[in-house]
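Listed here are the chains, written in short residue letters.
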Amino acid sequence: MTNGVVPHFEDHGLIESVDSRVLPISNKADSEIQISLVIPTYDEAANIEQLLRSLHTVLSGTGTGFELIVVDDNSPDGTSLIAGEIAAELAGIRVLRRTGATGLATAVICGWAHAQGEILGVIDGDGQHPPEVITDLLAAMDDQTDVAVASRHLGEGGVSNWSAARRLLSRGAQALGLLLLPGTVGQVTDPMSGYFVVRRDVVTHTHLDPVGYKILLEVLARGEVRRVAERPYVFLERQRGQSKVGIGHYVGYFRHLMRLRLYPLRSRALIRYLVVTGLALVADALVFFWIFDSQGWNLTRSAAIAGEGGILLTVLLHDLWTFAGRAARSALDRIRRLVGVQLALGVLLLLRLAVINALVNWLGLGPLTAFLVALAAVTPVSHLLGSRLTWRGVRS
Ligand SMILES: Nc1nc2c(ncn2[C@@H]2O[C@H](COP(=O)(O)OP(=O)(O)OP(=O)(O)O)[C@@H](O)[C@H]2O)c(=O)[nH]1
Ligand SMILES: [Mg+2]
């Protein structure tokens, strides 16, 4: 047993009761076991037996040492009992029963925390992920590759029978992810995939803390990933049992994206980051009032100069203060960053000028009110987005 957690074996023999806390993933691997594949389940009594048998056959055929770990959240339909019976019959199957916790992503981490293999993986427990694709994923894990993902959006891959609405929702969620986390979501064609394997040391040095469903996002965002491989698969229709996907999962997904979005700026840097954004807004407004009101310059020119001042102040303060000591501080690096911020924020500055003019000319607002409305609506987004784009990749 890893991590010093003492298992409590139930009457049914092979079922281990496990802690509901999210435990760290240890460095320790068992040399006999190369792959630990976690199968999260909730009410999959109708599916688990067939899946375990198929996976067992496929993995036995590879000659690789493996363990299959079912992590069941105390399903009322007795999934863990059925899995326990199979575990008694076939070698290499473990059943963990969590009480007091639910959630797909935390169930997967729980399984990994108890796993012994050098390669950790996850597959759905409802038969929608074809078991034989695991061999493609394992074959893809060469020396350079840290993560291998089964993708619905690659080559022969696909979804069998989804409604147009579900396809749209899935693609929309991916597009939103790409917008908010380009560096993470852009690494793969199917960032929502729940079928992948990862080298253990990618996730041992980092604290995985996902909300909701999308564990792959968490691994790609926080893990030390060098190269990702993808292999195509067709997402099969669920034959039996109930889907657990609902509107709550989309809300959870959005929360997860936002959390990962802010993650590189955590703690002190985040506070400084917000202070700089606030200061830039105040400076922007003061400069505008000064040149527009006292100097009598025209509206667009005053707003453009004030906005540009805000951009330069932001870059300067982030360089000298927010991220001081973190960045590579070469002159070239500063120039690269300045150009990046300028490009990103320049576009949004143009948008702000358009909004100001529209408010004045079409809605008849006074220039000062129009300036403040546009400032409040566009500028915070632009400061957050612009700095994200240009500070990405800057590590301590
Ligand atoms: N342990 C655990 N497993 C879960 C939980 N929620 C879902 N699962 C399992 O995670 C896998 C994926 O969940 P599904 O509801 O099938 O989600 P999906 O495959 O994206 O969607 P469908 O196509 O509608 O089935 C299944 O094996 C579920 O049983 C949970 O809270 N805890
Ligand atoms: Mg499913």
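All values reported here derive from a predicted model rather than from experimental measurement. (Residues numbered from 1 in each chain as written. Chains lettered and ligands numbered in written order. Predicted model: local features only at pLDDT ≥ 70, side-chain atom pairs only at ≥ 80, totals over all residues. Heavy atoms only, no water.)

(A) Structural view of the overall build of the protein chain. When helices and strands are counted, the protein chain shows 13 helices and 11 strands. Summarising the internal contacts of the protein chain: among those between residues at least 6 apart in sequence, 78% fall at separations of at least 24. (Helix = DSSP H or I, 4+ residues; strand = E, 2+ residues; numbered from the N terminus. Contact = heavy atoms within 4.5 Å.)

(B) Representation of the packing of helix H11 (residues 299–322) against helix H12 (residues 331–361) in the model. Between H11 and H12, the shortest axis-to-axis distance is 9 Å and the interhelical angle comes to 150 degrees. Viewed along their axes, H11 and H12 adopt a mutual orientation that is roughly antiparallel. You can see that H11 and H12 cross each other, and the crossing is right-handed. (Axes fitted to C-alpha atoms, helices over the stretch in contact; angles between N-to-C directions. Parallel < 35°, antiparallel > 145°, perpendicular 65-115°, else oblique. Left-handed = near helix turned anticlockwise from the far one by under 90°.)

(C) Representation of the nonpolar core within the structure. Counting 35 residues, the largest nonpolar core has Ile-39, Leu-52, Leu-59, Leu-68, Ile-134, Leu-137 and Val-197 as its most contacted members. For Leu-59, the residues in contact, after removing those within four places along its chain, are Ile-35, Leu-37, Thr-64, Phe-66, Leu-68, Ile-134 and Leu-138. (Core = buried A, V, L, I, M, F, W, Y, C linked by side-chain atoms within 4.5 Å. Buried < 20%, exposed > 50% of the residue type's maximum accessible area, 1.4 Å probe, protein only.)

(D) Inspection of the site of ligand 1 at higher detail. Around ligand 1 lies a shell of 21 residues, among which Glu-44, Asp-73, Gly-125, Asp-126 and Ser-243 are the nearest. The contact in question runs from an oxygen atom of ligand 1 to an N or O atom on the side chain of Glu-44, over 2.6 Å. Taken by itself ligand 1 offers 640 Å² of open surface, and the protein chains cover 93% of this. For the shell around ligand 1, the secondary structure elements donating two or more residues are strand E3 (35–41) and helix H3 (104–113). (Near = heavy atom within 4 Å. Polar contact = N/O pair within 3.5 Å; in protein donor to acceptor, adjacent residues only side chain to side chain. Areas by Shrake-Rupley, 256 points an atom, 1.4 Å probe, with all protein chains shown as cover.)

(E) Local environment of the pairing of strand E5 (residues 93–98). In terms of burial, E5 is a largely internal element, 6 of the 6 residues being buried. Of the two faces of E5, the one carrying Ile-93, Val-95 and Arg-97 and the one carrying Arg-94, Leu-96 and Arg-98 are both buried. Bridging between strand E2 (residues 15–18) and E5 involves 4 bridges; their strand directions are parallel. Note on E5: the bridge partner recorded for Val-18 is Arg-98. Bridge analysis of strand E4 (residues 66–72) against E5 gives 5 bridges, and the strand direction is parallel. The partner of Leu-68 across the bridge, within E5, is Ile-93. (Pairing = 2+ DSSP bridges.)

(F) Spatial organisation of the packing of aromatic side chains. Summed over all chains, the structure comprises 8 aromatic pairs. Here the aromatic rings of Tyr-195 and Tyr-233 are separated by 5.8 Å at their centres, their planes lie at 85 degrees, and the arrangement is edge-to-face. Of this pair, Tyr-195 sits in the loop between helix H6 (182–185) and strand E9 (196–199) while Tyr-233 sits in the loop between strand E10 (228–232) and strand E11 (234–235); the two residues are 38 residues apart in sequence, bridging distant segments of the chain. As far as the burial class goes, Tyr-195 and Tyr-233 line up, both buried. On the basis of an interplanar angle of 70 degrees and a centroid distance of 6.4 Å, the ring pair of Tyr-233 and Phe-235 is categorised as edge-to-face. What makes Tyr-233 buried here is its relative accessible area of 3%. Three or more aromatic residues joined by ring pairs make a cluster, and in this case those are Trp-162, Tyr-195, Tyr-233 and Phe-235. Cation over ring: Arg-152 sits above Phe-235, and NZ or CZ is 5.3 Å from the ring centre. Taking the ring centre of Trp-297 as reference, the NZ or CZ of Arg-301 above it sits at 5.4 Å. (Phe/Tyr/Trp six-rings, centres within 6.5 Å; stacked < 30°, edge-to-face > 60°. Lys NZ or Arg CZ within 6 Å of the ring centre and 35° of its normal.)

(G) Representation of the pattern of salt bridges within the structure. Counted by the stated rule, this structure contains 14 salt bridges. When the shortest N-O distance is used, the salt bridge between Asp-190 and Arg-152 registers 2.9 Å. Placement of Asp-190 in the loop between H6 and E9 and of Arg-152 in the loop between strand E7 (147–151) and strand E8 (158–159) is noted, with a sequence separation of 38 residues between them. By relative accessible area, Arg-152 is classed as buried at 8%. Ionic contacts of the salt-bridge type, sharing partners, join the residues Glu-16, Glu-67 and Arg-94 into one network. (Salt bridge = Lys/Arg side-chain N within 4 Å of Asp/Glu carboxyl O.)

(H) How the structure looks around the side chain of Ser-80. Locating Ser-80 in the fold gives a position in helix H2 (residues 79–89). A distance of 3.1 Å separates polar atoms of two side chains, one belonging to Ser-80 and the other to Arg-97. Residues in contact with Ser-80, not counting those within four places in the same chain, are Ile-15, Asp-72, Val-95 and Arg-97.

(I) Geometry of the packing of helix H1 (residues 48–62) against helix H4 (residues 133–140). Two elements in contact, H1 and H4, have axes whose closest approach is 9 Å; the angle formed by their N-to-C orientations is 35 degrees. H1 and H4 meet at a crossing whose hand is right-handed. Of the residues in H4, those touching H1 at Val-58, Leu-59 and Thr-62 are Ile-134, Thr-135 and Leu-138. Of the residues that constitute the contact of H1 with H4, the class distribution is 4 nonpolar, 2 polar and no charged. (Nonpolar A, V, L, I, M, F, W, Y, C, P; charged D, E, K, R; others polar.)

(J) Seen up close, H12. Between its terminal C-alpha atoms H12 stretches 43 Å, which fits the 45 Å expected from 31 residues at 1.5 Å a residue. A bend of about 25 degrees at Leu-345 is the largest found in H12. Within H12, burial applies to Asp-333, Arg-337, Val-341, Ala-344, Leu-345, Gly-346, Leu-348, Leu-349, Arg-352, Leu-353, Ile-356 and Leu-359. (Expected span 1.5 Å × (residues − 1). Bend = angle between axes of the 7 residues up to and from the residue.)

(K) Summary view of the confidence of the model for the protein chain. Mean pLDDT over the protein chain works out to 85, with 89% of the residues at or above the 70 mark. Segment residues 1–9: pLDDT under 50, and 21 contacts once partners within four positions in sequence are set aside and those in other chains are kept. Scored below 50 in pLDDT, residues 392–396 shows 8 contacts in the model against residues more than four places distant or in partner chains. (pLDDT = per-residue confidence, 0-100.)

(L) Molecular detail of the environment of Ile-69. Note that Ile-69 resides in strand E4. The class for Ile-69 is buried, based on a relative accessible area of 0%. When the C-alpha positions of Ile-69 and Ile-39 are compared, they lie 6.0 Å apart, and in sequence the two are 30 residues distant. In this structure, Ile-69 is in contact with Ser-36, Leu-37, Val-38, Ile-39, Arg-94, Leu-96, Gly-111, His-114 and Ala-115, ignoring residues within four places of it in sequence.

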